[in-house]
Amino acid sequence: MKPLLSYETIIESLLFVVGEEGMEVRALADTLDISEAAAREQLSKLEASFKDSGRPFQLIESAGVYKLVTVPEVSEYIQRYVGTMAEQALSRAAMETLVIIAYKQPVTRADIEEVRGVKVERVIHTLLSKGLIESAGRAKTIGRAKLYRTTEHFLDHFGFNSLDELPPLTFEDELTDEGDLFFGQPSAITQDRLENE
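Keep in mind that what you see is a predicted model, and the values were worked out from it rather than measured. (Residues numbered from 1 in each chain as written. Predicted model: local features only at pLDDT ≥ 70, side-chain atom pairs only at ≥ 80, totals over all residues. Heavy atoms only, no water.)

Colleague: Any chance you could explain the overall build of the protein here in plain terms?
Modeller: When helices and strands are tallied, the protein shows 10 helices and six strands. Burial status across the protein gives 35% buried among its 197 residues. Contacts spanning at least 24 positions in sequence make up 46% of the contacts within the protein whose residues lie at least 6 apart. When the accessible area of the protein is evaluated, it comes to approximately 12,000 Å², of which 52% is carbon and sulfur surface. (Helix = DSSP H or I, 4+ residues; strand = E, 2+ residues; numbered from the N terminus. Buried < 20%, exposed > 50% of the residue type's maximum accessible area, 1.4 Å probe, protein only. Contact = heavy atoms within 4.5 Å. Areas by Shrake-Rupley, 256 points an atom, 1.4 Å probe, with all protein chains shown as cover.)

Below, the structure written as structure tokens:
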């Protein structure tokens, strides 16, 4: 049965929600309960709709995965805004998550959550939006979880020339002095948890 909303509206919503993960045609077809050929046709219609309406979005396809991205014409303003965001102070949660990624990279979200003991999905999104971390491929384990690592901007932001300049971890119970040096305030992450998780 055809949905009340148009396929274009549903597809755009799905691609918005999955974000940088993108969506394969098969998954899209299964979700909409249509054939893969019909799903490709709806994707083409959505792309044409973006072009005709002058909206700042476009569809890109890579290795069979479709993603919703902004058009190149707005990249200057997005980069300017992201640069401004990166200059804003990081929260304690963001700093602690960043410390784990910096010292254990590449690392999965599940690994980070195991060390911190709390969910970090929103924090990772913040760090990605600030350009301090980036995707580092997929783990070679069941589920192929996404890996994260720090970026060149991370080095610039904290005044490092390379990761070799990260403050050495000590055998103290907490990353206090290193946290001060690295982030300007203490971190609650323990040395033992970083080294042994």
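Right, picking up where we left off after that structure.
Colleague: Looking at this structure, I do not really get the sheet that holds strand E2 (residues 57-62). What am I missing?
Modeller: The strands that make up a sheet are held in pairs by hydrogen bonds between backbone atoms, and each pair lies either parallel or antiparallel. Spatially, E1-E3-E2 is the arrangement adopted by the three strands of the open sheet, whose pairing is antiparallel. The open sheet is flanked by strand E1 (23-24) and E2, the only strands paired with a single partner. Against the sheet, helix H1 (residues 7-18) touches E1, E2 and strand E3 (65-70), its axis set at about 85° to E3. Packing of helix H3 (residues 36-53) onto the sheet brings it into contact with E2 and E3, and relative to E2 it is tilted by some 145°. (Pairing = 2+ DSSP bridges. Axes fitted to C-alpha atoms, helices over the stretch in contact; angles between N-to-C directions.)

Colleague: Is there a simple way to think about the nonpolar core in this case?
Modeller: The nonpolar side chains of a soluble globular protein tend to be buried, and buried together. Of all hydrophobic cores here, the largest spans 23 residues; its most connected members are Leu90, Leu98, Ile112, Leu127, Ile133 and Phe154. Counting only elements with at least two residues in this core, the list comes to helix H5 (92-104), helix H6 (109-116), helix H7 (121-129) and helix H8 (152-158). Among residues more than four places away in sequence, those in contact with Leu127 are Leu90, Ala94, Thr97, Leu98, Ile101, Leu132 and Ile133. Counting residues in hydrophobic clusters, the runner-up holds 16 residues, among them Tyr7, Met23, Leu28 and Ile34. (Core = buried A, V, L, I, M, F, W, Y, C linked by side-chain atoms within 4.5 Å.)

Colleague: Just checking my understanding: could you explain the packing of aromatic side chains for this structure?
Modeller: The geometry of an aromatic ring pair is captured by the separation of the ring centres together with the interplanar angle, meaning the angle of the planes. With the rule as written, the count across this model stands at two aromatic pairs. The interplanar angle of 55° and the centroid separation of 6.0 Å between the aromatic rings of Phe50 and Phe57 together place this pair among those described as tilted. Exposure remark for Phe50: the relative accessible area of 1% places this residue in the buried category. Residue class for Phe57 comes out partly exposed when judged on its relative accessible area of 27%. An angle of 40° between the planes, with centres 6.4 Å apart, marks the rings of Phe154 and Phe160 as tilted. For Phe154, a relative accessible area of 0% translates into the label buried. (Phe/Tyr/Trp six-rings, centres within 6.5 Å; stacked < 30°, edge-to-face > 60°.)

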